[in-house]
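A closer look at the structure
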Amino acid sequence: MIAFILRRLLQSVIVMIAVAAVSFSLFRFVGDPINSMVGQETSIADRQALRESLGLNDPIVLQFGRFLGNALQGEFGISYRLQMPVTELILQRLPATVELALVSGLLAFVLGLSLGVYTALRRRGVLSNIIMTASLIGVSLPTFLIGVLLIWVFAVELRWLPSNGRGEVVALGDWWSTGLLTHSGRLALILPAITLGLYQMTLIMRLVRAEMLEVLRTDYIKFARARGLSARAVNFGHALKNTLVPVITITGLQLGSIIAFAIITETVFNWPGVGALFINSVRFVDVPVMAAYLMMIALIFVVINLIVDLLYYAVDPRLRVDRAGKAH
Amino acid sequence: MTSKTPGRLYRLWDSDLFYAFRTAPVAIVATLVALTIIACAVLAPWLAPMNPYNPGGLNLMNGFTPPMEPNAFTGETFLMGADNQGRDMLSTIMYGTRTSLFVGAMAVLFAMTLGISIGLYAGWRGGWVDGALMRVADVQLAFPAILIALLIFGIARGFIPDNLRDQLAIWVLIVAIGLSDWVQFARVVRGATMVEKNKEYVQAARVIGAHPAKIMFRHILPNVMGPVLVIATISLALAIIAEATLSFLGVGVPPTQPSLGTLIRIGQGFLISGEWWILLFPSLTLLALALSVNLLGDWLRDALNPRLR
Amino acid sequence: MADPLLSVRDLVVEFPTRRGTLRALDRVSFDIMPGEVLGMVGESGAGKSITGAAIIGLIEPPGRVASGEIRLKGERIDNLRPEALRKIRGKRIGMVFQDPLTSLNPLYTVAQQLIETIRTHIDCSEAEARKRAVALLDRVGIPAAARRIDDYPHHFSGGMRQRVVIALALCAEPELVIADEPTTALDVSVQSQIIEVLKDICAERGAAVMLITHDMGVIAETADRVAVLYAGRVAEIGPVREVITEALHPYTRGLMGSIPTLTQESDRLVQIPGAMPRLNAIPQGCAFNPRCDKAFAPCFTDRPELLALEGGRQVACWLHDTAKAQEVPHG
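One structure accompanies this document, and this report is about it.

Reading guide: rules and limits
- Residues numbered from 1 in each chain as written.
- Chains lettered and ligands numbered in written order.
- Predicted model: local features only at pLDDT ≥ 70, side-chain atom pairs only at ≥ 80, totals over all residues.
- Heavy atoms only, no water.
- Helix = DSSP H or I, 4+ residues; strand = E, 2+ residues; numbered from the N terminus.
- Buried < 20%, exposed > 50% of the residue type's maximum accessible area, 1.4 Å probe, protein only.
- Disulfide = S-S within 2.5 Å.
- Pairing = 2+ DSSP bridges.
- Contact = heavy atoms within 4.5 Å.
- Axes fitted to C-alpha atoms, helices over the stretch in contact; angles between N-to-C directions.
- 1 Å grid on protein atoms, 1.4 Å probe; cavity = no way out; pocket = protein on both sides within 12 Å on 5 of 7 lines; lining within 4 Å.
- Points joined across faces, edges and corners; volume = space filled by probe spheres on them.
- Nonpolar A, V, L, I, M, F, W, Y, C, P; charged D, E, K, R; others polar.
- Core = buried A, V, L, I, M, F, W, Y, C linked by side-chain atoms within 4.5 Å.

1. Focus on the overall build of chain A
- Assigned secondary structure in chain A consists of 12 helices and two strands.
- Reading the helices (α) and strands (β) of chain A from amino to carboxyl end gives α-α-α-α-α-α-α-β-β-α-α-α-α-α.
- For chain A, the C-alpha atoms occupy an extent of roughly 85 × 65 × 35 Å along the three principal directions.
- The burial tally for chain A puts 49% of its 328 residues in the buried class.

Shown next, in the form of structure tokens:
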């Protein structure tokens, strides 16, 4: 067990270093850092001096090492576009994204699970077919379109909900801000959360349904029925439990992609999160921000992956090599 | 008792796949819708009532005409209304769909070529080459495609000088979307290659000095045709959506060649002022296109899955 | 004569497919007496497993029981509502499946699965159920049952798992146990042990057994009577000893002759030419007529019904119908 954890940690570190290398390359080679930092009138000599003082003429490995060292301390340089430290920019906007991601993730999981189980158990029912068809529409609707249409219906026509921004936020502690404690904050969260969560919910629902149908076909479910266990015991005690094992792990992985999908939702709703920051950085080739965002996302993914692996281990007894060991 | 062997056409008609198609109204409707949209898009230069990108043909007085109502000044009627510069929405949509489809189809083709090549190579070589390639594939799969496409787009932008940016944007977009989607193809082909590699005719070919690759390919191809087709169809829907998303975000096609995504972004801007048709029709078109292709891919996957029959 | 425990009459099971409706079982009839072991033999596809599934009510849609009657101690069970049928499963009819590696839920311990089943049918406390479970495991031959009961299925070998399956099937004390190829997936060395266990524990509890298998050796050792199925129909039923040594139906004779024995004198095994017909291509008349060397006129036109002969034997063959045999001159 310990060996397993250590091995995974090592793999994670390797992945992070690889991503750091990509980030660093971005930083160093895409566009010219000097040209992006100074105005047109700066003389060649001054540029050379700047280049020297920033260590841009040192060997690559040394620069990479410096980059890594800085990264570990959370130091990512200055944004070309906004002339602010990148780390500060990201931290400022992170709470907005995290809140959005968590709320929509929860929504997606709860609804997706319930609908998935329902459509698997009532496979041939009319409602099931309607839900499945609606789900196909959900998968074919791009996130941005959902957002735009929701804005049209609820913000422009019905005027029930705001069409952009985060509403009023309340500061929590040093740097966190939350919109959950104010009425306008909560209202503002609704449409973006639905937009972001809808796609995930559809995916989860289809996954749960597919897994559950697979499980319902197995021999042990047939045997459970043949033993006269109640429908509830068979469907929920046995089938659902076996379905949840792969579903939880895959859903965990989805959480990472929610953060990435937030890019789109934040753009549609003018939500002040890191996603919007990233898009602007791509538009204006603001490399430090791009590089930092990349590292952050990689870190989040790696951590989530690790947690999911551990979860799998905890939930599936077949993976545990404990006292009994060999089969006998 | 004599009986004729059924002709090839009859066998196609009677095959399980086509039977499933004939009796599934969903598949038929989806195919019809997809084909109609694709036809309109491809034939846009000939079918569209006007060319929306010819500045000479525009009459600004037509601006903001609602659908099916004659314009107060010029008396012209537009089926789907006119946008802020007097362009016929139907035409802009047809041309926009054309761009969207072009990027989507090319991206899928690129992804397919790349994926199949890598899959064949990885399956053939095996060993650490295969291990490394599959590791890369796994890592890439862990990240959402949109992110990868964005990243590649951003990087490419950094390298391309300003003046060429607009011209090359479409190709960069195609490469970006294609690069984010090759993994599924590679996996399927790699699996089939590894299965074939172990068969005896490969050893036999080696013994007589012939290169088994060509023969293997002939055997691999029929096995992977089905899954590759399913993946390609679904990939097409995904590519179309990806392109629309990127264009909507402002990092996709250049403003000179708007796609459906661009049109939707423009439409969103006019929501508040009430010209809803500038948003609605491109949205419906995108939805219809993505949905029909998705339905087709979904149905195809069920039909080709031996276990569900 | 005692009343039968299970009585199946003219059971028809159909599967609608796009090329027409297939009859997997075409008017199958037989009885099982309390406490007896009835073997059900036949080739793959003859309908043995479907018969078992039909009795316990677990035919997968779109398959369905189209007509016929299944009676347990005189009461019909084939037309029960799902909830009533569920109460019978496990409590009155138990089932043992073929593959021990996939019959048990890998996420629950053996204790949990046993206790759950026991408490579903018998009203008792968890501690009480656990005591019963341990005793049962011990009875089926699991060493150190009290400790091993808390293990997960993957900690047990194939043979051990099948013993657990038998325990599970019997824990609610059913009157009839349907065993569908219980040893086919096991090592040869383990097969006879498992059959012993099954036979002993059922005899102890007075439960009847419907032993479905294609292995005649198992039948010879274990069964009291045997029913032979062919193409969804019953060919012959009778006491095991007599059916083996003196088969009445030409198919059964071919079946017995094709089993090698150590004392056999001949050089070659008897082989029945041809193959069992596919369900959508069953010949008119007797299903066996294309392969039967004794077929005569009525065999090609009329389907033979199960005829009761003396000594508790039944056979579906015109050869044994004295009336028919006299009607038509032998060729």
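2. Description of the state of the cysteines
Residue and element names in this part refer to chain C.
- Under the definition given, this model contains zero disulfides over all chains.
- Free of any disulfide, Cys171 has its nearest neighbouring cysteine sulfur in Cys124, separated by 10 Å.
- Free of any disulfide, Cys202 has its nearest cysteine sulfur in Cys171, 13 Å distant.
- Given a relative accessible area of 1%, Cys202 falls into the buried group.

3. Here's the deal with the sheet that holds strand 5 (residues 75–76) of chain C
Residue and element names in this part refer to chain C.
- Spatially, 2-1-4-5 is the arrangement adopted by the four strands of the open sheet, whose pairing is antiparallel. Edge strands, defined here as strands with exactly one partner in the open sheet, are strand 2 (20–32) and strand 5.
- Pairing between strand 4 (residues 64–72) and strand 5: two bridges, direction antiparallel. Across the sheet, the residue bridging to Arg71 is Arg76, located in strand 5.
- Most of the contacts of helix 1 (residues 48–56) go to strand 1 (residues 6–17), to which it runs at about 110°, and overall it touches strand 1, strand 2 and strand 4.

4. Examining empty space enclosed by the protein
All names here are of chain C.
- As enumerated under the stated definition, the model contains three cavities of 30 Å³ or more in all.
- Approximately 100 Å³ is the volume found for the largest cavity.
- Every residue lining the largest cavity is listed: Tyr230, Arg233, Val234, Ala235, His249, Cys286, Ala287, Phe288, Arg303, Pro304 and Ala316.
- Counting residues per element, the lining of the largest cavity draws most heavily on strand 10 (residues 233–239), which supplies three residues.
- Among the residues forming the lining of the largest cavity, the class breakdown is eight nonpolar, one polar and two charged.
- Roughly 60 Å³ of internal volume is contained in the second largest cavity.
- Every residue lining the second largest cavity is listed: His249, Pro250, Cys286, Phe288, Asn289, Cys292, Cys299, Cys317, Trp318 and Leu319.

5. Some thoughts on the pairing of strand 2 of chain C
Residues and elements named next belong to chain C.
- As paired strands, strand 1 and strand 2 are joined by 10 bridges and run antiparallel to one another. Residue pairing for strand 2: Val12 is matched across the bridge by Asp26.
- Linkage of strand 1 to strand 2, two consecutive antiparallel strands, is achieved through a turn of two residues.

6. Some details on the nonpolar core
- Counting residues in hydrophobic clusters, the biggest one holds 124 residues, and the most contacted among them are Phe144 and Phe278 of chain A.
- The leading source of residues in this core is helix 11 (residues 212–249) of chain B, at 14 residues.
- In this structure Phe278 of chain A touches Ile263, Met290 and Tyr293 of chain A together with Leu147, Leu150 and Leu151 of chain B, once residues within four positions along its chain are discounted.
- Counting residues in each nonpolar core, the second largest holds 99 residues, with Ile32, Val134, Ile194 and Leu198 of chain C among its members.

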